[in-house]
Amino acid sequence: MADRRLVPPPTVIVLFGATGDLSRRLVLPALFRLAQQGLFPEDWRLVGNGRGDVSHENFQEDVRRSLEEIGPKPSEGPWEEFCSRLRFAGGGFDSSDPGSLLEVLAEARDELGPDAPYVHYLAVPPSAFVPLTEAIGEHGLAKGARIVYEKPFGTSMDAFRELDRVAHSVFEESQIYRIDHFLGKEAAQDIHVLRFANGLFARSWDRHHIDSVQIDVPETLDVSTRAEFYEHTGAILDMLVTHLFQIAAEVAMEPCDNLDAESIAAAREAVIGCFRPLGRDDVVVGQYQGYRDLQGVAPDSRTETFVAARLWVDNDRWAGVPFLLRTGKCLAKSCQRVTVRFRPPERGLPGAPAQGNCLGFELSGDGEIDLTLVAKRPGVTLELGTATTELPLGKAFHTPSLPAYSRLIHDVLIGDRSLFTRPDGLAHVWEVAGSLLTDKPEPVPYAAGSWGPPQAAALAGPGGWFLEGVAEPA
């Protein structure tokens, strides 16, 4: 991996969609967090871009209000220093009309130096990726720059190919950063570290020892504030072919010779190439009751708010091991969990619980690793049960953790592409889910607060979904 002690050179960050919801909720707080932890260049400028006629001062005030609402709080510092580097370029930006962006960028380079590189961050809908990329090339802003694309990188195989063609007509592959923030989570990175650095697991990470893998990202929230966006996306595109497939690749990839950027990315994309295309019998989609009543949703909408899939990895290591993926809105619990279920010993003890050995990764927050083992219950009889030990990653070391977006933006600044997706793997993702996206099944209605359509239970088999068998803490 890149040396994380490297100090990036003076940099101009160009934030397209700077006044949008994604920037407000995730990108701007991540940038402020980097400033708090001293991980920015010694000097930098952030130039927000949008269609509105917004002054620098008004943009700075908008950013301050967003941080007050979402955090980290400006009062925690260093707000004044951060604020002084914020600029806004209105008037939009396209190939025929750059608005005021070129003028504001010229001023930023006058202050930082003529060689200050640009980092273009596209916090905009996928439909804007191609025209913005073309405009960046048309106006000479690509040389020596880096560009960050939000997910999804395309909305179909054809859209992916067109975006990939345009991106490579303007940028070299080494300049392109396709962000999937699940890969920036602390516990997600610990999946490959735990595997490759600990002999206890390195020798048992295969079909001979592992019964199944579950990647479960249920949410209790509905989509009321994002209904119009969600109506054009759905759970398959929003979560399955992006976050869940990438985490499945983290679990399934072959060992790397080292953990440098190229080796990790190559291993991740290689195993995605082994994913079997999803069949109808391996997928259940659902829609929570009440979704069609939301403003912006068609009364006969077939958009899925839930998807569960049984994924097969066709190679020697994973032959016959189901990867069970599930996500949805308005479900019984919110978490982001990977569960690796190990097979019981060939000659186990009588009375030992089935599914007694599980290794879990909680991806949300600072992250956590937990290990469930069969143990003797205290008392005078030999009664067996399961017990779990937990390792909270945020408290295991003295070094502070970074939220996923902050971590990945810092990687962009120092040029580390190990946690970003590549076009070869993404191309196969569209092949795996292509038939599902072009001919979606009719979603099954499910009650808000449930675990989704009951048909999803059959995908998990006799062992069931791990989360549904875990009691809520008292």
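A few points on the structure. Quantities reported herein were computed from a predicted structural model and do not represent experimental measurements.

Considerations on helix 11 (residues 261–272)
With 12 residues, helix 11 should reach 16 Å at 1.5 Å per residue; the first-to-last C-alpha distance of 17 Å fits that figure. When we look at burial in helix 11, the residues that qualify are I264, A265, A267, R268, E269, V271 and I272. Taken together, the buried residues of helix 11 touch helix 7 (186–197), helix 10 (234–252) and helix 14 (423–438).

Comments concerning the pattern of salt bridges
Enumeration according to the criterion identifies 33 salt bridges in this entry. One salt bridge in this structure joins E81 and R85, with 3.6 Å as the shortest N-O distance. Residue classification places R85 among the buried residues on the basis of a relative accessible area of 12%. One salt bridge in this structure joins R310 and D282, with 2.9 Å as the shortest N-O distance. Remark: D282 occurs in the loop between helix 11 and strand 8 (283–288) and R310 occurs in strand 9 (residues 306–311); sequence separation between them is 28 residues. There is no split in this pair, since R310 and D282 are both buried. Residues participating in the shared-partner salt-bridge network are D43, R45, E81, R85, R87 and E111.

Here's the deal with the nonpolar core
Counting residues in each nonpolar core, the largest one holds 146 residues, and the members touching the most others are F82, L240, F245 and F323. If one sorts the elements of this core by residue count, helix 10 sits on top with 13 residues. Setting aside residues up to four positions removed in sequence, F245 forms contacts with L240, F275, L278, L311, L325, V429, V432 and A433.

Regarding the environment of Q289
By the secondary structure assignment, Q289 is in the loop between strand 8 and strand 9. Taking C-alpha positions, Q289 is 5.9 Å from P445, a pair spaced 156 residues apart along the chain. Setting aside residues up to four positions removed in sequence, Q289 forms contacts with P445, Y446 and A447.

Focus on the sheet that holds strand 7 (residues 210–218)
Strand order in this open sheet of 9 strands is 14-13-12-11-7-10-9-8-15, and the pairing throughout is mixed. Pairing within the sheet leaves two strands with one partner each, and these edge strands are strand 14 (384–392) and strand 15 (444–446). Between one strand axis and the next, the sheet turns through 20° on average, direction left out of account. Here 5 bridges tie strand 12 (residues 358–362) to strand 13 (residues 368–376), and the two strands are oriented antiparallel to one another. Paired with F361 across the bridge in strand 13 is I369. Contacts between helix 10 and the sheet are confined to strand 7, strand 8, strand 9, strand 10 (323–328) and strand 11 (337–342), with strand 10 contributing the most and set at about 145° to the helix.

Here we look at helix 1 (residues 21–36)
The first and last C-alpha atoms of helix 1 sit 22 Å apart over 16 residues, in line with the 22 Å expected at 1.5 Å per residue. The sharpest bend along helix 1 measures roughly 35° and falls at V27, with the proline P29 sitting one to four residues further on. Looking only at helix 1, the buried set comprises L22, S23, V27, L28, P29, A30, L31, F32, L34 and A35. Positive backbone phi, at 70°, marks G38, one or two positions downstream of helix 1.

With respect to the side chain of Q336
Turning to its location among the elements, Q336 is positioned in the loop between strand 10 and strand 11. In contact with Q336, not counting residues within four places along its chain, are F182, K185, D216, V217, F361, E362, L363 and S364.

About the cut-offs
- Residues take numbers from 1 onward in each chain, read along the sequence in its written order.
- A pLDDT threshold of at least 70 governs which residues receive local features in this predicted model, and a stricter bar of 80 or more applies before side-chain atom pairs are shown or counted, although totals over entire chains, interfaces and linings include all residues.
- To get the side-chain values, all heavy atoms of the structure are used, and hydrogens and water are removed first.
- We count a stretch as a helix when DSSP gives it H or I for four or more residues in a row; a strand needs E for two or more, and each element gets its number in order from the N terminus.
- Expected helix span is taken as 1.5 Å per residue step, with the number of steps being one fewer than the number of residues.
- Here the term buried applies to any residue with accessible area under 20% of the maximum for its type, exposed to any over 50%, and partly exposed to those in between, with areas from a 1.4 Å probe on protein chains only.
- The contact rule is simple, with two residues in contact once any of their heavy atoms fall within 4.5 Å.
- Criterion for a salt bridge: a side-chain nitrogen of Lys or Arg within 4 Å of a carboxyl oxygen of Asp or Glu.
- Side-chain atoms within 4.5 Å are what join buried Ala, Val, Leu, Ile, Met, Phe, Trp, Tyr and Cys residues into a set we call a nonpolar core.
- Two strands are said to pair when DSSP picks up at least two bridges between them.
- Helix axes use the C-alpha atoms of the stretch in contact, all axes being lines fitted to C-alpha atoms, and the angles between their N-to-C directions lie in the range 0 to 180 degrees.
- Axes are fitted to the seven residues ending at a residue and to the seven starting at it; the angle between these axes is taken as the bend at that residue.

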